[in-house]
Amino acid sequence: MAQDVTHISEFGQTHSVTNQPPPLADYDLFAVDRALAGAVVAEGAGWAVSALSSFGARLGQADMLRQGELANRNSPILHTFDRYGHRRDEVEFHPAWHRLMTLAVGEGLHSAPWAEPRIGAHVARAAGVYLMCQVEAGVQCPVTMTYGSVPALKRQPDIAAQWLPRIYSKTYDQAFRPASEKSSALIGMGMTEKQGGSDLRANSTRAEPVGPRGPGEAYRLIGHKWFFSAPMCDAFLVLAQTAAGPSCFFLPRWTPGGERNAIHIQRLKDKLGNRSNASSEVEFNGALGWMIGDEGRGIPTIIEMANYTRLDCALGSSGLMRQALAQAAHHAANRTTFQRKLIDQPLMQNVIADMTVEVEAAMRLSLRLARSYDRPDDPAEASFARLVTPAAKYWICKRAPALAAEAMEVLGGNGYVEEGPMPRLYREMPVNSIWEGSGNIMCLDVLRAATRTPDSLDAVMAELRSANGADRRFDAFCGRLESDFTGRTPHEGEARRIVERLVLALQGALLLKDGTGGIVDAFCASRLDGASGRAFGTLPGGIDAARIARAVVPL
Ligand SMILES: Cc1cc2nc3c(=O)[nH]c(=O)nc-3n(C[C@H](O)[C@H](O)[C@H](O)COP(=O)(O)OP(=O)(O)OC[C@H]3O[C@@H](n4cnc5c(N)ncnc54)[C@H](O)[C@@H]3O)c2cc1C
């Protein structure tokens with residue numbers, strides 16, 4: 001054998017490595033995204049630009065990108081029992097997960113708009129979420145659920161008084177101890193059971209009162225949850241049945257007496273993506289919980305939390321798409337085929353420009369939606385959020401897997417190989433469309449909002465009208481959209497078609513107000529005027545795809 005090796009080495013070096021792009025690292029995620037900075041200012045969070053800028057710079061460091069990779073390559077491990085047979089119900093995470101959590105919580109992504117309320121606080125946080133998800137999206141799960149839990153917790157003042165100070169803390173504390181001994185706390189949610197996740201009335205977990213019944217009172221929960229993500233959170237909002245119907249309960253991991261609550265983790269899901277995050281199956285064996293909100297009104301109570309998590313699904317998918325696009329554009333700028341850089345090949349320019357249009361439209365709408373959460377006392381904004389939250393979640397999360405596949409293809413064979421970032425991005429995409437209300441459920445919810453709370457449709461139409469006259473393609477598109485609703489009740493089977501058009505109109509209105517020239521024209525021609533095909537890379541002639549594509553190259 002030794003002789004063979006010597007023989008081979010006589011040929012010297014087999015080849016030199018050329019034409020392979022360097023890794024995309026050590027760059028400022030915020031600075032390279034001028035559209036993001038513009039949207040942050042337009043939506044009332046200009047004061048946050050400097051903090052976002054340093055967050056974007058920190059996230060783009062090679063070391064931080066590596067943490068995202070490590071946290072996903074080293075999935076969490078469940079320890080059901082200790083070696084003596086006592087229940088542990090603990091999940092062990094890789095140190096990279098804790099580093100990323102420290103960063104996200106330190107930035108206040110889990111609660112800053114509640115802890116330090118001011119105009120633009122939800123928008124500033126939204127931009128932070130968009131940046132964070134470009135590096136690692138799994139940590140967003142507990143961060144998002146904690147953010148969404150606050151309005152529901154405020155319904156029970158004694159629990160809020162005890163827990164909110166810890167939820168507002170920016171010091172991540174990974175210890176598995178009673179919350180009273182910790183510097184901060186995170187909150188999860190449990191709704192989905194084996195027999196149904198969309199149809200929550202089918203929940204079978206039951207809650208028996210320990211003493212008196214009603215809001216704030218203690219109950220024992222018996223049952224299960226089939227999906228229960230981030231089980232190392234310190235407490236959960238959970239749906240369970242009482243005599244009055246599904247009700248919402250607050251379940252801490254530890255009882256006030258300092259014992260482990262009877263929340264038994266059965267297994268962790270072996271998931272397609274989102275592998276840094278633990279998603280578990282649990283059983284409640286008489287777990288202690290306290291009722292939040294009115295008895296029998298658990299679904300609206302917990303759906304209030306879900307609305308915030310739906311906003312984050314739209315933001316998360318926008319951020320993931322942005323990272324896929326950045327990787328694609330970076331590759332195209334550094335790879336030569338047929339004597340030209342890929343970024344200079346007209347058809348590749350079309351592909352990258354078309355993806356850029358998609359990403360900027362998604363980000364723009366997500367930040368506009370976040371602004372409506374900044375103004376809950378403004379009835380028009382609350383109505384806007386009611387309808388646009390499910391609509392934006394549906395469309396943006398639906399576009400993301402297709403965009404990730406296209407971005408992967410820009411990298412050719414390298415895109416398909418696990419050493420690079422594209423497979424992880426691709427695997428991460430579908431989950432935002434499935435959890436927190438799957439696509440059809442979101443579309444049916446939009447129709448419900450439009451018919452039962454007409455103010456929400458009025459708020460959207462007012463937003464569209466504010467851009468009237470800016471572009472004839474937009475005006476014609478909106479005219480057709482209005483006829484979907486006027487004088488008729490849309491049929492359920494049409495819901496996806498209608499919601500898609502509604503979101504496209506909104507994205508068009510926002511881009512027409514402050515989008516860059518090239519993007520606006522490309523959006524109107526391809527998305528509103530129907531002058532493009534069904535795959536990315538089908539922008540019609542006359543669009544300056546070269547300029548759009550070159551401008552999105554991050555370095
Ligand atoms: C990784 C991961 C983590 C999760 N973590 C959590 C968690 O922490 N907590 C939690 O509570 N849940 C969690 N979920 C569960 C998730 O929210 C549910 O899977 C989702 O809501 C769908 O419910 P289901 O799986 O029961 O599907 P079903 O409700 O059976 O729906 C199946 C399909 O049918 C469609 N559908 C349903 N009804 C209709 C209708 N009337 N018309 C047309 N189409 C319809 C749905 O859109 C969906 O596409 C998680 C899921 C995943 C994948």
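Everything discussed here concerns the structure shown above.
Residues numbered from 1 in each chain as written. Predicted model: local features only at pLDDT ≥ 70, side-chain atom pairs only at ≥ 80, totals over all residues. Heavy atoms only, no water.

**Topic: helix H3 (residues 49-59)**
If you check which residues of H3 are buried, you get Leu 52, Phe 55, Gly 56 and Leu 59. Take H3 and look down its axis: the buried residues cluster within an arc of 100°, on one side only. (Buried < 20%, exposed > 50% of the residue type's maximum accessible area, 1.4 Å probe, protein only. Helix = DSSP H or I, 4+ residues; strand = E, 2+ residues; numbered from the N terminus. Arc of directions from axis to C-beta.)

**Let's talk about the pattern of salt bridges**
Within this structure, the stated rule accounts for 40 salt bridges. Two residues, Arg 547 and Asp 544, come together in a salt bridge whose shortest N-O distance is 3.5 Å. Via salt bridges that share partners, Asp 484, Arg 488, Glu 494, Arg 497 and Arg 501 belong to a single interconnected network. (Salt bridge = Lys/Arg side-chain N within 4 Å of Asp/Glu carboxyl O.)

**Examining the site of the ligand**
Around the ligand, the structure places 20 residues, and the nearest of them are Met 191, Thr 192, Gly 197, Ser 198 and Ser 229. At 3.1 Å, a backbone N or O of Met 189 approaches a nitrogen atom of the ligand. Between the ligand and Gly 197 there is a distance of 2.7 Å, counted from an oxygen atom to a backbone nitrogen or oxygen. In isolation the ligand exposes 970 Å². Once the protein is present, 67% of that is buried. Going through the elements one at a time, strand E3 (187-190), strand E5 (218-229), helix H13 (422-434) and helix H14 (439-452) are the ones with two or more residues in the shell around the ligand. Of the residues assigned to the shell around the ligand, the class counts are 9 nonpolar, 9 polar and 2 charged. (Near = heavy atom within 4 Å. Polar contact = N/O pair within 3.5 Å; in protein donor to acceptor, adjacent residues only side chain to side chain. Areas by Shrake-Rupley, 256 points an atom, 1.4 Å probe, with all protein chains shown as cover. Nonpolar A, V, L, I, M, F, W, Y, C, P; charged D, E, K, R; others polar.)

**Quick notes on the pairing of strand E1 (residues 77-81)**
One ladder, built from 4 bridges, connects E1 with strand E2 (residues 87-92); its direction is antiparallel. Across the sheet, residue Ile 77 finds its bridge partner in E2, namely Glu 92. Between the antiparallel neighbours E1 and E2 lie 5 residues, among them Gly 85 with a positive phi of about 100°. (Pairing = 2+ DSSP bridges.)

**Topic: the packing of aromatic side chains**
Evaluation of the coordinates by the stated rule reveals 12 aromatic pairs. Between the aromatic rings of Phe 93 and Trp 97, the centroid separation amounts to 4.6 Å while the plane-to-plane angle is 15°, which identifies the pairing as stacked. The class of Trp 97 is buried, set by a relative accessible area of 4%. Arranged with centres 6.0 Å apart and planes meeting at 70°, the rings of Phe 228 and Phe 284 form a pair that is edge-to-face. In this pair, Phe 228 is assigned in strand E5 and Phe 284 in strand E9 (residues 279-292), connecting sequence segments 56 residues apart. Among the aromatic residues, those joined into a ring-pair cluster are Trp 114, Tyr 147, Tyr 308 and Tyr 373. Over the ring of Trp 47 we find Arg 118; its NZ or CZ atom is 3.7 Å from the centre of that ring. (Phe/Tyr/Trp six-rings, centres within 6.5 Å; stacked < 30°, edge-to-face > 60°. Lys NZ or Arg CZ within 6 Å of the ring centre and 35° of its normal.)

**Quick look at the nonpolar core**
Among the nonpolar cores identified, the biggest contains 185 residues, and Ile 352, Met 355 and Leu 464 are the most heavily contacted of them. Here this core takes 17 residues from helix H10 (residues 298-334), the largest share from any one element. Among residues more than four places away in sequence, those in contact with Leu 464 are Phe 474, Cys 478, Leu 481, Ala 505, Leu 506 and Ala 509. (Core = buried A, V, L, I, M, F, W, Y, C linked by side-chain atoms within 4.5 Å. Contact = heavy atoms within 4.5 Å.)

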